[in-house]
Each structure stands twice: as C-alpha cells, then as structure tokens.
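Summary of structural features
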Amino acid sequence: MKNIVILISGSGSNMAAIARTAQKEHWPDTLGVRVAAVISNKPDAGGLLLAKGLGIATDVVNHRDFVSRETFDAALMSRIEAHSPQLVVLAGFMRILTPGFVAHYAGRLVNIHPSLLPAFAGLHTHQRAIDMGCKLAGTTVHQVTAELDHGHILAQAAVPVLPFDTADTLAARILTQEHLIYPQAVRAFFARSAQ
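Overview of the structure. The shown structure was predicted, so the numbers you read here are calculated from the model rather than taken from an experiment. (Residues numbered from 1 in each chain as written. Predicted model: local features only at pLDDT ≥ 70, side-chain atom pairs only at ≥ 80, totals over all residues. Heavy atoms only, no water.)

**Brief notes about the packing of helix H1 (residues 13–24) against helix H7 (residues 167–193)**
The description of two packed helices rests on the angle between their axes and on the distance between the axes. We apply this condition: The axes are straight lines fitted to the C-alpha atoms, using for helices just the contacting stretch, and the angles between their N-to-C directions are given from 0 to 180°. Here a strand is any run of E in DSSP of at least two residues, a helix any run of H or I of at least four, and the numbering for each starts at the N terminus. Working rule for angles: under 35 degrees goes down as roughly parallel, over 145 as roughly antiparallel, 65 to 115 as roughly perpendicular, anything else as oblique. Helix crossings fall into two classes, left-handed where the near helix is turned counterclockwise from the far one by less than a right angle and right-handed where it is turned clockwise. Any two residues whose heavy atoms approach within 4.5 Å at even a single point are treated as in contact.
Two elements in contact, H1 and H7, have axes separated by 9 Å at closest approach and are oriented at 50 degrees. With respect to H7, the axis of H1 lies oblique. Note that H1 runs across H7; the crossing there is right-handed. The segment H1 lies against H7, with Ser 13, Asn 14, Ala 17, Ile 18 and Thr 21 engaging Leu 175, Glu 178, His 179, Tyr 182, Pro 183, Val 186 and Arg 187.

Right, here's the structure in full:
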C-alpha cells in the first residue's frame, strides 16, 4: 500500500476533500493508495477532529516547541517517516519548510496555492488579484521546491473575478475549486507513477 501523509495547520477542508475522494473512489483497491496520517503543527487545528472522524491517524508536532525551523522540520520528518509516505501533501500547512526538508521529499511533496501561479506567490493572494484588476483568479497545485510557491505545476483552476468581489467572496469561490482539483492532482500523481 502506498501511503499519503497530509500536513495541515487549520480547518483541513482540502485534506478532507482528498480523504473523502479516496474513500469514495476506493483508492486502496483501485490505486493501492491510502491516506495514512494527518499531521498538524497546531494542536487545536480543526482538521485533526475531521481526520479522526474520517478514521485517519492524526499527530501533532507543535512548531512552538522548537527553537528553530531546522529542529522542527527534523521532528516533523521523523513523524512523517513513521508512515513511509509515497507522497506528502501540504493542505493549508502554514509553515515555510527548510531546504533540507524539501530536498528530502523532492518529487513527492505537493502544495496547493490560492492563485494562478506564477502570479501572486505568497500571502493575501485574493486581495492582490482584486487590487491589480485581474479578470481571472484561481488556484494551483504544484510540486514544492525550496523557492516559495514555485515548482512544477500539476493542476490549475480559474474563476472569474466579479465586479463586487471582496477577498472573502473570491476566496470562497476559489476554495470550491481547490476541493475539486487537489484530489484530482493527487490521484493523477499515483496514476502516473503506476505507468
């Protein structure tokens, strides 16, 4: 069985979209793939309860317990490796990972970002798209590299920016697309590796 480990920091809606798709499409039977664990850097992340409700093992590596990014990443890597992952999925994981961590998981570490990369890397993507007068915004699934919000693009979805959009209304429409394309991109990762 090929294992997925999903890292979260908050509500875990993208994690849940992936896990529910995996269950609905019977990934263990059809792809030989399962979501083995959900790990958060925040003990109060709502997604932990959601994962438990979906029957997925959970763990916490609280970044506040570590004096440096390097020591946190080393501890996180140890917990991830306990599940022998084929793929590590960042789903609202709000930590910048060290180059050593990224290099260890090169080619099997993916993230979703709420913009049409390469546009608007970093934070406040929705407001920045509105402020720039963009007609389209969206979301991107990409492989993670040491450079923030870069890496090979695996999937994208675009949504129109409406005349009276706020950052919140635009974010809500983009999130519905995230819940569609992230499971598709994860499924495609394993379908490609099986060929």
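Structure's up, so let's keep going.
**So, the side chain of Asp 73**
To be explicit about the condition: In this scheme, a residue with accessible area under 20% of its type's maximum is buried, one over 50% is exposed, and one in between is partly exposed, where area comes from a 1.4 Å probe on protein chains only. Charged residues are defined narrowly, with Lys and Arg counted positive, Asp and Glu counted negative, and His plus the chain ends left uncounted. The working definition used for a salt bridge is a side-chain nitrogen of Lys or Arg within 4 Å of a carboxyl oxygen of Asp or Glu.
Here Asp 73 lies in helix H4 (residues 69–81). Summary of buried charges: Asp 73 has no salt-bridge partner, and the nearest side chain of opposite charge, Arg 95, is 6.3 Å away. Among all residues touching Asp 73, those that are not within four sequence positions of it are Leu 97, Thr 98 and Phe 101.

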